[in-house]
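Overview (structure and organization)
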Amino acid sequence: MSLLSVEQLGKSFGGVVAARGVTFAVDAGKLLAVIGPNGAGKSTIFNMVGGQLAPDTGRVVLAGEDITATPPRHRWRLGVGRTFQIAQTFVSMTVAENVQMALISLNRRTRAWWPAAGALYRDEAVALLERVGMADNADRPCSELAYGDVKRVELAIALAGTPKLLLMDEPTAGMAPKERAQLMELTAGIARERTIGVLFTEHDMDAVFGHADDIIVLVRGEIIAAGRPAEVRNNARVRQVYLGGTEIGARPSSQAAEAAQP
Ligand code: ADP
Ligand code: MG
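Residues numbered from 1 in each chain as written. Chains lettered and ligands numbered in written order. Predicted model: local features only at pLDDT ≥ 70, side-chain atom pairs only at ≥ 80, totals over all residues. Heavy atoms only, no water.

Focus on the confidence of the model for the protein
Parts of the prediction with low pLDDT should not have their coordinates interpreted in detail. Quick note on the threshold: pLDDT: the predictor's confidence for each residue, scored from 0 to 100. We call two residues in contact whenever any of their non-hydrogen atoms come within 4.5 Å of each other.
Confidence along the protein averages 88 in pLDDT terms, with 87% of residues attaining 70 or more. Note that residues 250-262 has pLDDT below 50 and, in this model, 21 contacts with residues that lie over four places away or in other chains.

This is the structure in structure tokens:
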């Protein structure tokens, strides 16, 4: 049984078909990338899996349980996590405090809310920060961090919820190429060691072809190709529709793409 099964999802906005007959699965410990041109429906699908958007048709099934009508907060408790930008109100707090807040919230220790929380979940927070390479910055305010480092903290915050499935909508947007590769490398490593399934959308083809186990290609709300990176890269329709015939993902940025080839 797959961790996540998406079956025949459909969604229209007025006359615009944002998703139609979208069916795919994500296995535990695997990374599935959703790619496609702007307006293809990537975020729409993402939001239907996260519960922010109700589908017109189809089902979202998590570990065998139909969660199509489950509100986002409950999905979160069932193990559907997503990365969020650190809210502006929290940037004055330290890196560790932001992760501690996520841990406190998860464990429903609402009466011990900040600032009384002090050392609550401090060790757990630092352990998560260690995993994302940010333990040395634990006591700095988030406002002082470089952009790429903020993204690492956001990943630690998402991990604080011990997700089974992690949703990342364009996680590397706005990052420099080297930072992008590092963040994807980190995400892939954590997903594999903790057997978290990751569903991500990306514009950056190096990130996609270097790290995804499987890729689905959306055009105008419909899946036109799906498979391993090597299969998708060589798919004539993908090349034509998506990138005007040029070869895509020709420079995989890590061994993951090689490993994924049959
Ligand atoms: P992507 O993330 O692939 O760029 P989206 O899922 O954001 O694509 O959008 C898919 C299509 O649905 C686009 O034509 C977009 O304009 C439309 N759309 C998305 N969200 C809404 C909305 N809330 N209201 C109306 N149209 C929307
Ligand atoms: Mg989008």
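Things to note about the sheet that holds strand S8 (residues 197-201)
As a reminder of what qualifies: For two strands to be treated as a pair, DSSP must find no fewer than two bridges joining them. Counting from the N terminus, the helices are DSSP H or I runs at least four residues long and the strands are E runs at least two residues long. Angles shown run from 0 to 180 degrees and are taken between the N-to-C directions of axes, each axis being a line fitted to C-alpha atoms and, for helices, limited to the stretch in contact.
The 6 strands are arranged S6-S7-S8-S3-S9-S10 in an open sheet whose pairing can be described as mixed. Each edge of the open sheet carries a strand with a single partner, namely strand S6 (80-82) and strand S10 (222-227). This sheet shows a mean twist of 20 degrees between the axes of neighbouring strands, independent of strand direction. The pairing of strand S3 (residues 31-35) with strand S9 (residues 214-219) spans 4 bridges and is classified as parallel. Within the sheet, the bridge partner assigned to Leu32 lies in S9 and is Asp214. Against the sheet, helix H1 (residues 42-50) engages S3, S6, strand S7 (165-169), S8 and S9, with an angle of about 150 degrees to S7.

Describing the packing of helix H3 (residues 95-106) against helix H5 (residues 147-160)
Helix-helix packing is characterised by the crossing angle of the two axes and by the distance between the axes. The condition is simple: Every angle not falling under 35 degrees, over 145, or within 65 to 115 is termed oblique; those three ranges are roughly parallel, roughly antiparallel and roughly perpendicular. Put simply, a crossing is left-handed when the front helix is turned counterclockwise from the back one by less than a right angle, and right-handed when it is turned clockwise. Residue classes follow a fixed rule: Ala, Val, Leu, Ile, Met, Phe, Trp, Tyr, Cys and Pro count as nonpolar, while Asp, Glu, Lys and Arg count as charged, and any other residue, Gly among them, counts as polar.
Contact geometry for H3 and H5: axes closest at 8 Å, N-to-C directions at 20 degrees. In terms of orientation, H3 lies roughly parallel with respect to H5. Viewed along their axes, H3 and H5 form a crossing whose handedness is right-handed. Across the interface between the two elements, Val95, Asn98, Val99, Ala102, Leu103 and Leu106 of H3 pack against Val153, Ala156, Ile157 and Ala160 of H5. For the contact of H3 with H5, the residue count by class is 9 nonpolar, 1 polar and no charged.

What to know about the site of ligand 1
How we decide: The near set for a molecule or strand comprises every residue that places at least one heavy atom within 4 Å of it. For the purposes of these results, a polar contact is taken to be a pair of N or O atoms within 3.5 Å, where, inside protein, one atom must be able to donate a hydrogen and its partner to accept one; residues adjacent in sequence count only when each atom of the pair is a side-chain atom.
Neighbouring residues of ligand 1: Phe13, Val16, Ala18, Pro37, Asn38, Gly39, Ala40, Gly41, Lys42, Ser43 and Thr44. Take Gly39: an N or O atom from its main chain is 2.8 Å from an oxygen atom of ligand 1. Measuring from an oxygen atom of ligand 1, one finds a side-chain N or O atom of Thr44 at 2.6 Å. Contributions of two or more residues to the shell around ligand 1 are made by strand S2 (16-26) and H1. At 3 residues, H1 tops the list of elements feeding residues into the shell around ligand 1. Of the residues in the shell around ligand 1, the class split is 5 nonpolar, 5 polar and 1 charged.

Topic: the pairing of S10
Two elements, S9 and S10, share 5 bridges in a ladder whose sense is antiparallel. From the neighbouring strand, Val219 faces S10, where its bridge partner is Glu222. If you look at the hairpin formed by S9 and S10, you'll find 2 residues sitting between the two strands, and Arg220 has a positive phi there, around 45 degrees.

As for H5
Selection rule: Multiplying 1.5 Å by the helix residue count minus one yields the expected span of that helix. Here's how the labels work: a residue is buried when its accessible area is under 20% of the maximum for its type, exposed when over 50%, partly exposed in between, all with a 1.4 Å probe on protein chains only.
Under the 1.5 Å per step criterion, the end-to-end length of H5 is 20 Å for 14 residues, consistent within 8% with the ideal 20 Å. With 11 of its 14 residues buried, H5 lies for the most part within the structure. Along H5, the positions that sit buried rather than exposed are Gly148, Val150, Lys151, Arg152, Val153, Glu154, Leu155, Ala156, Ala158, Leu159 and Ala160. Tucked inside the fold, the buried residues of H5 contact S6, H3, helix H4 (122-131), S7 and helix H6 (177-193).

A few points about the layout of surface pockets
Note the cut-off: In this analysis the probe radius is 1.4 Å and the grid spacing 1 Å, with only protein atoms considered; a cavity is a set of points the probe fits into but cannot get out of, a pocket is an open set with protein on both sides within 12 Å along at least five of seven lines, and lining residues have an atom within 4 Å of a point. Grid points are joined across faces, edges and corners, and a volume is the space filled by probe spheres set on the points. Domain start and stop points were drawn from an automatic or database domain assignment.
Estimates place the volume of the largest pocket at around 610 Å³. Lining the largest pocket are 23 residues, and of these Trp76, Arg82, Phe84, Ala102 and Ile157 sit closest to its centre. Those elements that provide at least two residues to the lining of the largest pocket are helix H2 (72-78), S6, H3 and H5. Taken together, the residues of the lining of the largest pocket sort by class into 13 nonpolar, 7 polar and 3 charged. Both domains that furnish three or more residues to the lining of the largest pocket are identified here as domain 1 (1-79 + 164-262) and domain 2 (91-162).

A few points about H6
With 17 residues, H6 should reach 24 Å at 1.5 Å per residue; the first-to-last C-alpha distance of 24 Å fits that figure. On its buried face, H6 is in contact with S3, H4, H5, S7, S8 and helix H7 (205-211). Within two residues after H6, Thr195 carries a phi angle of roughly 45 degrees, on the positive side.

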